[in-house]
Amino acid sequence: MTLPYQSAHEEVHFINRSGWLRAAVLGANDGIVSVSSLIVGVAAADPGPGAILIAGVAGLAAGAMSMAAGEYVSVSSQSDIERADISREKQALVDTPAEEEAELASIYESRGLSPATAALVARELTEKDALAAHVREELGLSEVHSANPLQAALASGLTFTVAAALPVIAAVLAPAGTTIPVVVVTTLICLAGLGALGAQAGGAPKLRPTLRVLFWGAAAMAVTALVGLVFGVTA
């Protein structure tokens, strides 16, 4: 990301990745957890390998499309709200420019600037680009955090597909009678890797995200396995 200012020293920030990284991690985590849980639940009901494979592939296809569509719709809604707020702010600058400048000054004053300094900053920013100043300071929006529906949909759908394929492959390759343990172990290993990878991409510590995804993944598989045992019918 090109900074609009000159930094006095080299800094590494990852906040510009937050939009697509959130969608990618969500898609990958949901892909692994939902499809592996589906396979474990079906396998616990004791069906044949063919039924397990069909369930896994169907869950992968349906989940990937649902995840991509859901991300696109939800982020589009967020984008619509942002554009509407910016439009209202633009009109307010036309209708009540003095009041908007005073509001901007009060924001800076609430952050610790003296009234005189806050008024000076508000005046100079208003002269340069009033709308950008209000969008950033009043609405809390910036290019880094702006919603990108297509990017979120692609990131989520793609990572869901790749991640969901792992438990399906594990189920296909598992020796007869070992589908559940093989899928569970594979899923937990993949979840640990996902948690660490997501933390690495975001420049965050790895332990907590890894433990978090492991806990919820294991819980999801345990619940679906119990459902399969309770409601399954042995052939």
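Residues numbered from 1 in each chain as written. Predicted model: local features only at pLDDT ≥ 70, side-chain atom pairs only at ≥ 80, totals over all residues. Heavy atoms only, no water.

*Asks:* Mind showing me how you'd approach the overall build of the chain here?
*Replies:* Counting its secondary structure elements, the chain contains seven helices and zero strands. In sequence order, the chain lays out its α and β elements as α-α-α-α-α-α-α. For the chain, with 235 residues in total, the buried portion stands at 34%. In the chain, the proportion of contacts linking residues at least 24 apart, taken out of those at least 6 apart, comes to 75%. When the accessible area of the chain is evaluated, it comes to approximately 13700 Å², of which 67% is carbon and sulfur surface. (Helix = DSSP H or I, 4+ residues; strand = E, 2+ residues; numbered from the N terminus. Buried < 20%, exposed > 50% of the residue type's maximum accessible area, 1.4 Å probe, protein only. Contact = heavy atoms within 4.5 Å. Areas by Shrake-Rupley, 256 points an atom, 1.4 Å probe, with all protein chains shown as cover.)

*Asks:* Please clarify how a nonpolar patch on the surface should be interpreted in this entry.
*Replies:* A surface patch of nonpolar side chains, about 640 Å² in accessible area, is lined by V223, L226, V227, L229, V230 and F231. One can find V227 in helix α7 (residues 207-231). Residue classification places V227 among the partly exposed residues on the basis of a relative accessible area of 42%. (Patch = residues over 30% accessible without salt bridge, like charges linked within 9 Å, V, L, I, M, F, W, Y side chains within 5 Å. Salt bridge = Lys/Arg side-chain N within 4 Å of Asp/Glu carboxyl O.)

*Asks:* Would you mind going over the nonpolar core with me for this structure?
*Replies:* Across soluble globular proteins, you tend to see nonpolar side chains buried next to one another. Judged by nonpolar contacts, the single largest core of 16 residues is most densely connected at V35, I39, F160 and V183. For this core, the elements supplying multiple residues, two or more each, are α1 (18-44), α2 (49-95), α5 (149-173) and α7. With five residues, the single largest contributor to this core is α5. Dropping the residues within four chain positions of it, V183 is found in contact with S36, I39, V40, P167, A170 and A171. Grouped together as the second largest cluster of nonpolar side chains are eight residues, V33, L191, L194 and V213 included. (Core = buried A, V, L, I, M, F, W, Y, C linked by side-chain atoms within 4.5 Å.)

*Asks:* How do you make sense of the packing of α2 against α5 when you look at a structure like this?
*Replies:* At a minimum axis separation of 8 Å, α2 and α5 run at an interaxial angle of 165°. Here α2 is positioned roughly antiparallel relative to α5, judged by the angle of their axes. The handedness of the crossing between α2 and α5 is right-handed. Each residue belonging to the contact of α2 with α5 can be placed in one class, and the counts come to 19 nonpolar, eight polar and one charged. (Axes fitted to C-alpha atoms, helices over the stretch in contact; angles between N-to-C directions. Parallel < 35°, antiparallel > 145°, perpendicular 65-115°, else oblique. Left-handed = near helix turned anticlockwise from the far one by under 90°. Nonpolar A, V, L, I, M, F, W, Y, C, P; charged D, E, K, R; others polar.)

*Asks:* I'm lost on the environment of L173 in this one. Help?
*Replies:* As for its position among the elements, L173 is in helix α5. Given a relative accessible area of 65%, L173 falls into the exposed group. For the pair L173 and V183, spaced ten residues apart in sequence, the C-alpha separation works out to 9.8 Å.

*Asks:* I keep staring at the side chain of H134 and nothing clicks. Help me out?
*Replies:* Position of H134 among the secondary structure elements: in helix α4 (residues 115-137). H134 sits in the buried class, given a relative accessible area of 0%. Apart from residues lying up to four places away in sequence, H134 is in contact with E89, L93, E100, E101, E103, L104 and L139.

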